[in-house]
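# Analysis of the macromolecular model
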Amino acid sequence: MSSTLAPEIKSERNPISEKDVVKALESLNLRPKPEDVPHLTNLLTGIWEVWDKVDQMDDYVPEVNEKRFPRKDVHRPEGQDNAGNAWAWKCDVRDQSPSGEGKGLLAGKTLSLKDNIALKGVPCLLGTDIFQDWTPNMDATVVTRILEAGGVIKGKAVCENLSAWAVSCSAATGPISNAWASGFSAGGSSSGSGYLIAKGECWGGLGGDQGGSIRIPSSANGLVGMKPTFGLVPYTGIASLEPTLDHTGPMTRTVLDNALLLQAVAGADGVDDRQLAGCPFPDSVPDYPALAQQGVKGLRVGIIKESLDRPLHDPRVSALVVKAAKVFETLGCVVEEVSVPMHADAPDIWAVPGRLSVYKSLVGEAGGRRGHCMNDLTEKMLPIDQEKYDKMWCAYKNWMVNGRWGWDHLPKPGQLLGKATNLTRKLRDEYYKALGQYDVLITPTMPLLPPKLPAEGASIKELMVNSAGASLNTSAFNIVGYPRDVTFFFSLLFQWMNTILTRLILQTGLPALSLPVGFLPSLVEPHPKLPVGMQIVSKLYHEATIYRVAYAWEQAVDWKDFS
């Protein structure tokens, strides 16, 4: 450890004086003993020198093999080249090596990336105009895996403003309509991904999910969207909303395509600290497509009772999902309702880290992380000044107010965050109690249909009302609670104890997939028919079980004709 005593010769830039010690403690409502001030000043002077030394070092950015994976035809599409307004940028990135071209799990398949995923040399908008000139200096781990598997990246799909909205109206580039109904929401925050894949403009893509942002647009656009077990797919090189909530995963038109894409991108990368005990290495990732086709006879399916009458729910959506779940009885499964009382409280528990922790991440005060830090993005985001605040979407303005007030005025904000973490463990235990009786749990993905897009210039209240209710059944499976700095160590040390450890991890973070199960007419004029999604949930690392159930339903029923 470097000594923090002041050096004999200090930098001319060193600003420290005794006043800084006094002010630092006064900000905490503390005061030093007068005799301690010179010594504390000496130590503060010394640590400033250490910090300054590290600050002068060159940052580390992982290299990208642009010779093997060149970035071609990078452009911002306009007009008919972007008729749905869902492409943020287009490009053509693929494996050009003789040994790799046309080979791999994803050979020749075209994909889009949610526009919070770093792709070196291709600008990233993040759905915002707080900044407009960020071009990532690295590739996310999932990018490398897609390219090494033979996939072709065709561009970046628009995401909602800083990945923080469930209705497709917040992106600085403009709204995106539902793939099935113009003027209605395509969901969020992976809105562009939902539209492009549903329209067939790419084979599949990767979305991001902190409270439902893969599953909501998948439900809204009639897609299969998987939020995997927390950390199963590395988040390295993806813009974070809040590390304990971050997930990325596949969005496709069919179950087997989804399973194939997950197989290609899943597994520990040795960098992301979100990857927990039980996370397999890439060469040990299951063959999800093969496992999906094993059949479901004898499986037990539980419909979460509390998910069917959420606030603002549309009873027709709940009835259609229950009817869809009953199809499993014809496939040899047992289907029953099951009560998970805390499911109703999950969105409130989510809202504690979703405000207090997100605020700290937003203003650059979060710590305790291991992994790659995207400092080039942080430089664009911080500091948050008046100009940036004025350009913020209402969700972030709200989080700024909520989070700052909470940390300043709640009696015990740290303990409240700790209590929410502990309640997350209790919530996990309730789901696991139900999953001790059933192989999968079922809910409506969204308790209501996608809303009509709000009018331009809508007030904050009008926007909040327009988006209300979308994540009430999805956010529960994002919240996690675990000791972040040790999880990756344990995932390596105890790889062979996968089955046991996945029962001990202190989190929900359960895998959850949205499967399209039919259409319902909107209650809003002109009453277009909109897709409905059924959410399928199972135990940690039981993605294969979810795929079995989803594939069996997909093979038994044409979802477009099921009502």
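Computed from a predicted structure; not experimentally measured.

### Quick look at the confidence of the model for the protein chain
For the protein chain, the average pLDDT comes to 92, and 94% of its residues sit at 70 or higher. Segment residues 481–506: pLDDT under 50, and 58 contacts once partners within four positions in sequence are set aside and those in other chains are kept.

### Focus: the pattern of salt bridges
Per the stated rule, a full pass over the model turns up 20 salt bridges. The residue D139 makes a salt bridge to R71 at a minimum N-O spacing of 2.8 Å. In this pair, D139 is assigned in the loop between strand 3 (110–114) and helix 3 (141–148) and R71 in strand 1 (residues 71–75), connecting sequence segments 68 residues apart. In this structure R71 comes out as buried when scored by relative accessible area, which is 15%. Here R215 ties to D209 by a salt bridge, and the two come within 2.9 Å at their closest N and O atoms. For D209, a relative accessible area of 0% corresponds to the buried category. Several salt bridges share partner residues, and in doing so they unite D92, R94 and K154 into one network.

### A closer look at the pairing of strand 2 (residues 87–93)
Burial of strand 2 is extensive: seven of the seven residues sit out of reach of the surface. Judged from the three bridges that link them, strand 1 and strand 2 form a sheet pairing that is antiparallel. Counted as the bridge partner of K72 is D92 from strand 2. Bridge count between strand 2 and strand 4 (residues 152–157): four bridges; the pairing is antiparallel. Each bridged residue has a counterpart across the sheet, and for W89 the counterpart in strand 4 is K156.

### A word on unusual backbone geometry
At the junction of L382 and P383, the peptide bond is cis and its omega measures out at -5 degrees in the coordinates. When you line up the elements, P383 lands in the loop between helix 11 (375–381) and helix 12 (386–391). In this model, E525 is joined to P526 through a cis peptide bond whose omega is 5 degrees. Relative to the assigned elements, P526 resides in the loop between strand 11 (512–521) and strand 12 (529–537). Backbone geometry places L126, a non-glycine residue, at a positive phi of 55 degrees. For S163, which is not glycine, the phi torsion reads 60 degrees and is therefore positive.

### Regarding the environment of L291
Relative to the elements of secondary structure, L291 occurs in helix 7 (residues 288–292). Residue L291 is classed as partly exposed on the basis of its relative accessible area, which comes to 26%. For the pair L291 and Y547, spaced 256 residues apart in sequence, the C-alpha to C-alpha distance is 7.7 Å. Excluding anything up to four places from it in sequence, L291 contacts P286, A544 and R548.

### Comments concerning the packing of helix 1 (residues 18–26) against helix 2 (residues 37–56)
Their axes nearest at 8 Å, the elements helix 1 and helix 2 cross at an angle of 95 degrees. Judged by the angle between their axes, helix 1 and helix 2 are roughly perpendicular. Touching E18, D20 and V21 of helix 1 are V37, P38, L40, T41 and L44, all from helix 2. A per-class count over the contact of helix 1 with helix 2 returns five nonpolar, one polar and two charged.

### Some details on helix 14 (residues 413–435)
Spanning 23 residues, helix 14 covers 33 Å between terminal C-alpha atoms, matching the ideal 33 Å at 1.5 Å per step. Residues of helix 14 that are buried: P413, L417, A420, T424, L427, R428, Y431, Y432, A434 and L435.

### A closer look at the packing of helix 10 (residues 353–362) against helix 13 (residues 394–409)
For the pair helix 10 and helix 13, the least separation of the axes is 8 Å and the interaxial angle reads 100 degrees. As far as their axial angle goes, helix 13 and helix 10 are roughly perpendicular. Contacts between helix 10 and helix 13 involve G354, R355, L356, V358, Y359, K360 and L362 from the former and Y396, N398, W399, M400, N402, G403, R404, G406 and W407 from the latter. Here the contact of helix 10 with helix 13 is composed, by residue class, of eight nonpolar, five polar and three charged.

Cut-off values and rules
- Residues numbered from 1 in each chain as written.
- Predicted model: local features only at pLDDT ≥ 70, side-chain atom pairs only at ≥ 80, totals over all residues.
- Heavy atoms only, no water.
- pLDDT = per-residue confidence, 0-100.
- Contact = heavy atoms within 4.5 Å.
- Salt bridge = Lys/Arg side-chain N within 4 Å of Asp/Glu carboxyl O.
- Helix = DSSP H or I, 4+ residues; strand = E, 2+ residues; numbered from the N terminus.
- Buried < 20%, exposed > 50% of the residue type's maximum accessible area, 1.4 Å probe, protein only.
- Pairing = 2+ DSSP bridges.
- Axes fitted to C-alpha atoms, helices over the stretch in contact; angles between N-to-C directions.
- Parallel < 35°, antiparallel > 145°, perpendicular 65-115°, else oblique.
- Nonpolar A, V, L, I, M, F, W, Y, C, P; charged D, E, K, R; others polar.
- Expected span 1.5 Å × (residues − 1).

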